[in-house]
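Given next are the chains, with one letter for each unit.
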Protein chains: 2
Amino acid sequence: MNKILIVGFGNVGQAFFELFHEKRKLLGLEDTAIYEISSTTYGHIKNPSQLTIDQIKAGKLSVERQDATETIRESEADIVCEFTQVNIKDGEPASSHIRTALECGKNVITTNKGPMALHYEELTGLAMKRGVQLKFKGTVMAGTPSFNLLKLLPGAEVQKIRGIFNGTTNFILSEMAKGKSFGECLALAQSMGIAEADSSMDIDGFDSALKAIIFSKVIGWSKHNLGNMEIKGIRGISITDGHCSSVLKLLVSIDKEEASVKPTILSRGDPLASVDGVLNAVEITTDTLGKIISIGPGAGRTATAQAVMTDLMEIVRTN
Amino acid sequence: MNKILIVGFGNVGQAFFELFHEKRKLLGLEDTAIYEISSTTYGHIKNPSQLTIDQIKAGKLSVERQDATETIRESEADIVCEFTQVNIKDGEPASSHIRTALECGKNVITTNKGPMALHYEELTGLAMKRGVQLKFKGTVMAGTPSFNLLKLLPGAEVQKIRGIFNGTTNFILSEMAKGKSFGECLALAQSMGIAEADSSMDIDGFDSALKAIIFSKVIGWSKHNLGNMEIKGIRGISITDGHCSSVLKLLVSIDKEEASVKPTILSRGDPLASVDGVLNAVEITTDTLGKIISIGPGAGRTATAQAVMTDLMEIVRTN
């Protein structure tokens with residue numbers, strides 16, 4: 001029996017809860033159950049499997065509130081899903097949650113970019129030392145194939161990565177290409193729920209940068225971090241070049257030596273130029289295939305929950 | 001020790017031979033060796049590992065010529081790589097090679113579309129019955145992720161597939177969009193080695209159709225075959241619509257009930273519209289992610305050899 005503890009029950013946690021129960025039979029997961037939820041908003045819920053999301057939110061079966069780290073330590077769960085908010089400063093409290101779970105010999109799935117971008121070597125090292133798995137597909141392009149594409153290309157040497165890793169800024173730039181101002185497009189994105197009230201993580205390029213760092217660590221390019229890479233966002237940008245032969249994108253560019261996020265003019269013939277709206281994309285250049293490209297949603301409830309299901313199946317299949 | 005028998009030593013066989021030796025150490029394949037080659041052109045070569053391609057072609061170490069089926073039956077190899085030419089009528093001789101190998105309890109990797117499109121159920125059933133693996137990534141989009149993307153999306157329900165599965169016709173259509181005639185573009189493709197002298201498999205849509213059938217079988221949509229799907233190629237086509245708001249593509253379209261290959265007008269906003277030249281692409285629509293797209297080379301020596309390496313690693317890792 002695999003027992004799952006969910007830490008953080010916002011959009012991602014709720015979407016995973018729903019998708020897990022929807023796909024459980026199809027995936028042969030009858031022996032896996034969501035055993036416990038730890039939420040700062042809804043409390044500490046044991047055996048939530050029989051409840052609806054609304055019942056969980058209403059506090060049914062919620063037991064005494066507890067610090068999440070304590071819950072992780074005391075839990076019988078062998079898989080901890082970390083879905084709390086991103087904190088770009090030190091990755092807390094997510095990093096402590098993940099660290100505690102790994103130290104207790106539990107597998108971890110996270111969609112939280114902070115811990116993976118800031119403490120990649122420490123956390124993956126700890127997982128290896130304890131003989132458990134640490135999975136984080138959802139941190140880059142949600143469930144859309146991104147760094148996990150490399151599993152389908154054994155032996156291929158990665159030479160370069162280019163990407164559009166942030167849907168909010170890509171939406172804003174796509175709208176601006178129609179002739180609107182930055183302010184108008186940001187307001188539109190906020191009214192549509194595409195941008196948050198405080199959208200600085202997106203607008204100033206940090207969300208893209210964290211994803212660039214995680215992608216490069218997976219490849220083994222370990223030197224890039226927030227302190228040494230060029231990070232430039234799109235705040236207040238204007239598109240003066242109105243002709244239709246080129247497109248402005250917030251482009252992530254990584255190779256072994258350099259990493260950057262910055263507004264970049266692409267020619268219309270560039271395959272990344274036609275990636276519009278909230279879509280994300282990655283172009284991977286390898287020695288055996290040249291350039292391959294993956295395009296799809298980079299955020300959203302179900303798209304992120306798919307990433308968690310992908311990680312979960314890898315843990316369950318190898319356990 | 002894994003022993004590989006290569007049947008068919010044309011472009012794909014030679015490219016795989018080279019890539020295997022280039023990547024062998026990196027992939028930890030010291031315990032796997034190319035043990036034998038059976039070629040109608042170069043003869044039957046034992047222990048070719050120490051030879052160069054030129055030495056093999058010159059007939060060094062070639063022993064008495066033998067029927068490939070007999071070689072497969074007598075070989076100590078436990079992995080047979082089938083790289084002979086496609087025959088759309090009955091899939092022979094490749095189908096017999098694969099059948100023989102599976103019956104002898106050997107794993108099979110093939111890049112040959114004929115057997116997989118024409119005899120999918122029989123061959124996969126035989127592999128299952130004998131407890132061996134039958135791998136065929138290279139049949140659709142070479143090493144570029146195509147149907148194997150579904151491994152990264154456990155639980156996702158596939159609703160629809162659209163694809164550009166033939167690089168030759170996509171090159172011709174891309175060139176025609178610049179104002180040239182079909183005949184000019186076909187001649188150009190032939191002069192560049194992109195189209196063969198007899199390019200009817202590509203031009204008339206059969207190459208795309210075989211790939212569509214294989215893709216749909218992998219998903220579990222078993223009803224489609226060459227006899228019941230709509231297949232229309234681009235022979236003698238003209239592009240009268242010269243304005244830049246739309247693009248003509250030879251589009252594969254599949255769902256559970258219908259499958260077709262036909263010239264299709266796409267709007268410029270369609271992500272498949274910007275897939276130009278010899279590139280291939282697939283768009284997979286699922287319940288959890290909506291549309292995801294994979295773009296990359298669909299043919300070529302090394303790109304196809306990458307597919308074989310991908311298949312090989314799956315066999316070696318699970319053996």
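Residues numbered from 1 in each chain as written. Chains lettered and ligands numbered in written order. Predicted model: local features only at pLDDT ≥ 70, side-chain atom pairs only at ≥ 80, totals over all residues.

(A) Summary view of the interface of chain A and chain B. With 32 residues of chain A at the interface, the matching set in chain B holds 32 residues. Of all elements in the fold, only helix H1 (11-23), strand E13 (290-297) and helix H11 (301-318) of chain A reach the threshold of two or more residues within the side of chain A that touches chain B. The greatest single-element share of the side of chain A that touches chain B, amounting to eight residues, is contributed by E13(A). Considered class by class, the residues forming the side of chain A that touches chain B number 18 nonpolar, twelve polar and two charged. Pairing of E13(A) with strand E13 (residues 290-297) of chain B, which is carried by three bridges, proceeds in the antiparallel orientation. Note on E13(B): the bridge partner recorded for Ile293(A) is Ile295(B). (Contact = placed C-beta atoms within 7 Å. Helix = DSSP H or I, 4+ residues; strand = E, 2+ residues; numbered from the N terminus. Nonpolar A, V, L, I, M, F, W, Y, C, P; charged D, E, K, R; others polar. Pairing = 2+ DSSP bridges.)

(B) Molecular detail of the pairing of strand E3 (residues 43-46) of chain A. Residues and elements named next belong to chain A. Judged from the four bridges that link them, strand E2 (residues 32-39) and E3 form a sheet pairing that is antiparallel. Along E3, the bridge assignment pairs Ile-37 with Ile-45. As consecutive antiparallel partners, E2 and E3 are separated by three residues.

(C) Molecular detail of the pairing of strand E12 (residues 279-286) of chain A. Residue and element names in this part refer to chain A. With seven of its eight residues buried, E12 lies for the most part within the structure. As judged from the six bridges shared by strand E8 (residues 158-164) and E12, these two strands associate in the antiparallel manner. Bridge pairing in E12 links Val-158 to Thr-286. Bridging between E12 and E13 involves eight bridges; their strand directions are antiparallel. Bridging across to E13, Thr-286 finds its partner in Gly-290. Hairpin connection of E12 to E13: three residues between the antiparallel strands. (Buried ≥ 20, exposed ≤ 12 C-beta atoms within 10 Å, placed from the backbone.)

(D) Geometry of the relation of the copies chain A and chain B. Mapping chain A onto chain B is achieved by rotating through 180° and translating by 0.0 Å along the same axis, at an RMSD of 0.0 Å. In symmetry terms, the pair is related by a two-fold rotation axis. Scanning chain A for the C-alpha nearest the rotation axis identifies Ser294(A), at a separation of 2.3 Å. Interface overlap between copies is the fraction of interface residues in one copy that are interface residues in the other; for chain A against chain B it reaches 100%, indicating a shared surface. (Least-squares fit on C-alpha atoms with pLDDT ≥ 70 in both.)

(E) Structural view of helix H10 (residues 206-219) of chain A. Residues and elements named next belong to chain A. An ideal rise of 1.5 Å per residue puts 20 Å on 14 residues; H10 measures up with 20 Å between its terminal C-alpha atoms. Most of H10 sits out of view: eleven of its 14 residues are buried. Buried within H10 are the following residues: Phe-206, Asp-207, Ser-208, Ala-209, Leu-210, Lys-211, Ala-212, Ile-213, Ile-214, Phe-215 and Ser-216. Looking one or two residues beyond H10, the residue adopting positive phi is Gly-220, at roughly 110°. (Expected span 1.5 Å × (residues − 1).)

Distances and angles like these do not, on their own, reveal function.
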